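# Structural characterization, general
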Amino acid sequence: MINLLPNQFERLACAAEILRTGGLVAFPTETVYGLGAICTNEQALLKIFAAKGRPGDNPLIVHIWHETQLKELVTEINPKAASLISEFWPGPLTLIFPKLAQVSQVVTAGLETVAVRMPRHPIAQELLRLTGIPVAAPSANLSGRPSPTRGSHVVDDLFGKVNLIIEAGYCEAGIESTVLSLASEQPVILRPGSVTKEMIEAVLGETVALAEADAERPQAPGMKYQHYAPQAPAVLFEGSQAAVVKEINRLLIKQAPSKKIVVMASTENLKAYHHEWVLDLGHQTIPEEAGVRLYDLLRFCDQLAAEQIYIEGVAAVGVGLAVANRLRKAVGGNVVKVD
Ligand code: TXA
Ligand code: MG
């Protein structure tokens, strides 16, 4: 069943009932669409992994609508977590807490910690309120595919595999939440997002580390898998604007004209390519634009049946850090440094 009706708020009671009785509901959040199941029903949780084709060692984020629900999930809320919660919840920040014994190992993939976030999207909030039980929800895409930032992306990946898809247009941020661990002395960002390193540091009054992209010992287990990948081989070019444009143009000229190559470029550079397929990633100084567009454009490359994708790097500053992180994953480490 796909719910495309405008009176969604009235329909959410039905969605909550599906969740409460062990069904799967895909719902919008301000980051990306999530695929939810109540965290107290292991059969329902296992259905998430089956629907997505997700490896069982990749833990899920639990979604709550109210701070009181933390009592059902975590053993302690330390002062750093408390100040981040009061500043950024509801919003795109996931915090890692020591878990209560009752939290299922299926949610945490055997870890002693649980990831929790409080989304601020009004539909997500109302759905979580009506459900009354915390909802585990990974992004509502097939494993390895770009995360869904529109209802139609969820339909493309999961139609027929879930009980309900709530369609609500575009997601505001377009990239997944920031995941922050407070387990060690120094806080560590396991996955960058639109709550930036600088924003967290300003609240905590200390420097925050960035987890190394270490495939052998990833701290956020999900970060070791290839992610966000379009079907065509993709290459990311990092360096000065002039050098990146020059290198991509050099490669375009070398290729057979019949080959469908798609370039993803900043708004400022669009006209620098005399080429048919150039997609606009947004302005260089507004990385939020690339955040909103990125996954939609990667999926669009698939629709175009692109044979090769060349992508301009995005400066890794502010939200640009998260965009650059996702771009590197989308190209499976195929990064060319030019200067
Ligand atoms: O914005 C988001 O966070 C979206 C929406 C739906 O809320 N959800 C999302 O979930 O992106 P998912 O499953 O695609 O990514 C969850 C990430 C993975 O990298 C996972 O390894 C990490 O969070 N994670 C979950 N629990 C963890 C834990 N206990 N310790 C460390 N990392 C954890
Ligand atoms: Mg995901």
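Residues numbered from 1 in each chain as written. Chains lettered and ligands numbered in written order. Predicted model: local features only at pLDDT ≥ 70, side-chain atom pairs only at ≥ 80, totals over all residues. Heavy atoms only, no water.

### Side note on the sheet that holds strand β16 (residues 335-338)
- Within the open sheet, the five strands sit side by side as β14-β13-β15-β12-β16. Their pairing is parallel. The two strands at the open ends of the sheet, each matched to only one other strand, are β14 (278-280) and β16. Pairwise comparison of adjacent strand axes, ignoring direction, gives a mean angle of 25° for this sheet. (Pairing = 2+ DSSP bridges. Helix = DSSP H or I, 4+ residues; strand = E, 2+ residues; numbered from the N terminus. Axes fitted to C-alpha atoms, helices over the stretch in contact; angles between N-to-C directions.)

### Here's the deal with the domain arrangement of the chain
- The assigned domain composition of the chain is domain 1 (6-210) and domain 2 (234-338).
- With 26 residues of domain 1 at the interface, the matching set in domain 2 holds 14 residues.
- Both sides together, the interface formed by domain 1 and domain 2 hides about 1500 Å², and carbon and sulfur atoms give 56% of it.
- Along the contact surface separating domain 1 from domain 2 lie four salt bridges.
- One salt bridge in this structure joins D157 and R299, with 2.9 Å as the shortest N-O distance.
- Applying the counting criterion to the domain 1 and domain 2 interface returns nine residue pairs in polar contact (both at pLDDT 80 or more).
- Considering each element in turn, the side of domain 1 that touches domain 2 owes the most residues, three residues, to helix α6 (residues 151-158).
- Each residue belonging to the side of domain 1 that touches domain 2 can be placed in one class, and the counts come to nine nonpolar, nine polar and eight charged. (Domains from an automatic or database assignment. Contact = heavy atoms within 4.5 Å. Buried area = accessible area lost by both parts, 1.4 Å probe. Salt bridge = Lys/Arg side-chain N within 4 Å of Asp/Glu carboxyl O. Polar contact = N/O pair within 3.5 Å; in protein donor to acceptor, adjacent residues only side chain to side chain. Nonpolar A, V, L, I, M, F, W, Y, C, P; charged D, E, K, R; others polar.)

### With respect to the side chain of E247
- Structurally, E247 is set in helix α8 (residues 241-254).
- Under the relative-accessibility criterion, E247 is labelled buried at 18%.
- Aside from chain neighbours lying at most four places away, what touches E247 is F237 and V338. (Buried < 20%, exposed > 50% of the residue type's maximum accessible area, 1.4 Å probe, protein only.)

### Structural notes on the packing of helix α9 (residues 287-303) against helix α10 (residues 319-330)
- Two elements in contact, α9 and α10, have axes separated by 8 Å at closest approach and are oriented at 20°. With respect to α10, the element α9 is oriented roughly parallel. As α9 packs across α10, the resulting crossing turns out to be left-handed. Between α9 and α10, the contacting residues are P287, E288, A290, G291, L294, Y295 and L298 on the first element and V319, G320, V323, R326, L327 and A330 on the second.
- Within the contact of α9 with α10, the residues separate by chemical class into nine nonpolar, two polar and two charged. (Parallel < 35°, antiparallel > 145°, perpendicular 65-115°, else oblique. Left-handed = near helix turned anticlockwise from the far one by under 90°.)

### Topic: unusual backbone geometry
- In the segment running from W89 into P90, the intervening peptide bond is cis, with an omega of -10°.
- Counting through the fold element by element, P90 comes out in the loop between α3 (79-88) and β5 (93-98).
- Here the phi dihedral of A109 falls at roughly 55°; this positive angle occurs in a residue that is not glycine.
- Tracing the chain through its elements places A109 in the loop between α4 (105-108) and β6 (113-117).
- The backbone of A305 shows a phi angle near 60°, a positive value even though the residue is not glycine.
- Residue position: A305 is located in the loop between α9 and β15 (308-312).

### Here we look at α8
- Helix length check: α8 (14 residues) gives 20 Å between terminal C-alpha atoms against 20 Å at 1.5 Å per residue, within 8%.
- Every buried residue of α8 is listed here: A243, V244, V245, E247, I248, L251 and L252.
- Those residues of α8 that are buried lie in contact with β12 (234-239), β13 (261-265), β15 and β16. (Expected span 1.5 Å × (residues − 1).)

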